[in-house]
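Listed below are the residues making up each chain.
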Amino acid sequence: MSIERHEIEKLATLSRIAINENTITEVSQRLGSVLELVDQLQAVDTSGVAAMSHPLQATQRLREDEVTEINQREAFQAIAPDTEDGLFLVPKVIE
Amino acid sequence: MHNLTIAQLAKGLQSKDFSSVELTQHFLARIAELNPAYNAVITVTAEQALKAAAAADKRLAAGNAPALCGIPILHKDIFCTNGVRTSCGSKMLDNFIPPYSATVVENFEQAGAVVLGKTNMDEFAMGSSNETSFYGPVKNPWAIDCVPGGSSGGSAAAVAARLAPGATATDTGGSIRQPAALCGITGLKPTYGRVSRWGMIAFASSLDQGGPMARTAEDCALLLNCMASYDDKDSTCIDRDVPDYSADLNNSIKGLKIGVPKEYFSDGLHAGTEDAVRSALAELEAQGAELVEISLPNSALSVPAYYVIAPAEASANLSRFDGVKYGYRCEDPKDLNDLYTRTRAEGFGEEVQRRILIGTYCLSAGYYDAYYGKAQQVRQLIQQDFEKAFAQVDVIMGPTCPSPAFKFGSKGDDPVAMYLEDIYTIATNLAGLPGMSVPCGMVESKPVGLQIIGNYFDEARMLNVAHQYQQATDWHDQMPESIQQGAES
């Protein structure tokens, strides 16, 4: 099984990963080999079986809507690639 | 000193045979001398360790210090450590210095354990050989040309090479048990929700679970006593008392029912591995346990179900690495999209990118029901197999992995060949059950692991069985030849 070039390009866009033109064939083959493996699932009869998301059927806990964190902006921004006046900087988005 | 177990070291510290500072210096010296050959430790925190050791010595002198006070350990580089680089084996986080510590790390800190450093691992815990680490592969101390297993290969190799008496690790599809087996040590993946995941960098959140690695089951019990805790900050953590995992170690296993799944002894299992595992089962039978043949009919589906669920969750978890707030950022991005896409293409390695793409595919419009929905249903079937089995037996046993440690590069270019390495371990993650690996023999001068799978929250019983096995055998005491030269204790 192999994946079409346009599908790889779409996945790369959705994943925000730049794909090198030279490696598309290789990526397609390897993804195809993994999809061949997972396609074994299609043969299983799962009618009436509930999907399982938490092994212990636990549900998410709720908590009071209270502020529990302190402001640590300086500590968090100290490890950021680029900041200014307490803001995270990225290339200009709007002209 | 490095040949003593944690239990023995703790006694030595309490009775002042040596100090924590001496112990810490000893292990730091071993890391400096031996680690270049193994590449198991990627960050050494000597200064902090000696400071913590001095503090531990004070607590020990004052009396009433906890069991792990002054014991040197290593953390897998997936656990955030405040002020110490936490890379997760990735270029993406090569410069990441967390401003906080994981709950597991804090638990050990409060217990007075001494952190020697951080261990190497497959990038973002995705791998079974440690070959995907940005920092280069870890070498197996038993055979330098072979892999240590993965993803917790650094922790496993470090414990096997006596660079530390114990280490933390994580297991999403076998990442504690498989490297423990390949490196001849003892490792335990607890029940999902037993150990807090807070501050543990997420791979597949419904499968990830932290656990201990050490040379013996007795030591794993001591480490788990400290690691396991209820944590409000992890919403999937289970609010349940943590028992004393050391309390039942000496119980007799007479009458214990051991389920032996026929599917775990099928084609693809190395004959030598099978012999070693069967001998271990015979030993337990001689101790009074009863072997019961069982069936886990959906086992063969665990690998395909896992390779939908794990990449799907990974693709969501890893979307946070975008080069904006922390971690790697590409040079000279020309616009925001270029910043994202080049940062991720340059920051993630090949296997991580592959899993993100697979996960994105399985979650994308038109494919969700056929892949993710279907895999979650199959997961239910796999869990039901275990439920039926545990109605008849107390524990389940079989091999941890199909064969002993393999050579670097031997799995070739096909990712699926590597994925099948975890064929016996993945099902327990999907079901959320605890599993462990215990050394049970040698094949081609390389260790073999016996896997013990327990019912939910039955870690104490698994440790009891493993301890009883280790009382009667000495596989866990074997030492790789490469570290025997000049090894004085």
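Note that this is a predicted model, so its numbers are computed, not measured. (Residues numbered from 1 in each chain as written. Chains lettered and ligands numbered in written order. Predicted model: local features only at pLDDT ≥ 70, side-chain atom pairs only at ≥ 80, totals over all residues. Heavy atoms only, no water.)

> Before we go on, may I ask you to explain the overall build of chain B in this structure?
Of the regular secondary structure elements, chain B holds 15 helices and 11 strands. Its C-alpha atoms give chain B a radius of gyration of 21 Å, within 12% of the compact-globule value 23 Å for 489 residues. Principal-axis analysis of the C-alpha atoms places the extent of chain B at approximately 65 × 55 × 45 Å. Every one of the 489 residues in chain B was classed for burial, and the buried ones make up 66%. Across chain B, every contact between residues at least 6 apart in sequence was considered, and the portion connecting residues at least 24 apart equals 76%. Computed over 38 positive and 56 negative side-chain charges, the separation of the two mean positions in chain B equals 3 Å. (Helix = DSSP H or I, 4+ residues; strand = E, 2+ residues; numbered from the N terminus. Rg over C-alpha atoms; globule rule 2.2 N^0.38 Å. Buried < 20%, exposed > 50% of the residue type's maximum accessible area, 1.4 Å probe, protein only. Contact = heavy atoms within 4.5 Å. Lys, Arg positive; Asp, Glu negative; His and termini not counted. Charge placed at Lys NZ, Arg CZ, Asp CG, Glu CD.)

> How should I be thinking about the interface of chain A and chain B in this particular structure?
Listed per partner, the contact involves 50 residues of chain A and 69 residues of chain B. With both chains or domains summed, chain A and chain B bury close to 5100 Å², and 66% of this area falls on carbon and sulfur atoms. The interface formed by chain A and chain B contains 1 salt bridge. Put simply, E350 of chain B and R30 of chain A hold a salt bridge, and the shortest N to O gap is 2.5 Å. For the pair chain A and chain B, the number of links is 19 residue pairs in polar contact (both at pLDDT 80 or more). Class assignment of the residues belonging to the side of chain A that touches chain B gives a composition of 32 nonpolar, 10 polar and 8 charged. (Buried area = accessible area lost by both parts, 1.4 Å probe. Salt bridge = Lys/Arg side-chain N within 4 Å of Asp/Glu carboxyl O. Polar contact = N/O pair within 3.5 Å; in protein donor to acceptor, adjacent residues only side chain to side chain. Nonpolar A, V, L, I, M, F, W, Y, C, P; charged D, E, K, R; others polar.)

> Please explain the environment of I483 of chain B as it appears in this structure.
All names here are of chain B. With respect to the helices, strands and loops of the structure, I483 is situated in the segment after α15 (459–472). Expressed as a C-alpha distance, the spacing of I483 and K325, which sit 158 residues apart in the sequence, is 43 Å. Other than its neighbours up to four places away in sequence, I483 contacts R30, Y38, A160, A161 and R162.

> Can you help me understand the nonpolar core in this one?
The nonpolar side chains of a soluble globular protein tend to be buried with one another. Residue and element names in this part refer to chain B. Ranked by size, the top nonpolar core spans 167 residues in total, and within it F124, F386 and L463 carry the most contacts. In contact with L463, not counting residues within four places along its chain, are L188, A217, C220, A221, L224, Y245, L249 and M436. The next biggest cluster of nonpolar side chains, apart from the first, holds 9 residues, and it includes V147, A181, C401 and M418. (Core = buried A, V, L, I, M, F, W, Y, C linked by side-chain atoms within 4.5 Å.)

> Would you explain the pairing of strand β3 (residues 114–119) of chain B in this entry?
Each regular strand carries side chains that alternate between the two faces of the sheet. All names here are of chain B. Counting buried positions along β3 gives 5 out of 6 residues, so the element sits mostly inside the fold. Examined bridge by bridge, strand β1 (residues 41–44) and β3 share 3 bridges and lie antiparallel to one another. Looking at the pairing, V44 lines up with G117 of β3. In this sheet, β3 lies alongside strand β2 (residues 72–76) in parallel orientation, the contact comprising 5 bridges. Bridge pairing in β3 links H75 to K118. Remark: the β2/helix α4 (residues 103–110)/β3 crossover connection has right-handed handedness. (Pairing = 2+ DSSP bridges. Right-handed = clockwise from strand over helix to strand, strands pointing away.)

> In this structure, what is going on with a nonpolar patch on the surface? I would like to understand it.
Residue and element names in this part refer to chain A. A contiguous nonpolar surface patch, about 300 Å² in accessible area, is contributed by V90, V93 and I94. Its location among the elements puts V90 in the segment after β2 (87–88). A residue is classified by how much of its surface remains accessible, and V90, at 32% relative accessible area, is partly exposed. (Patch = residues over 30% accessible without salt bridge, like charges linked within 9 Å, V, L, I, M, F, W, Y side chains within 5 Å. Areas by Shrake-Rupley, 256 points an atom, 1.4 Å probe, with all protein chains shown as cover.)

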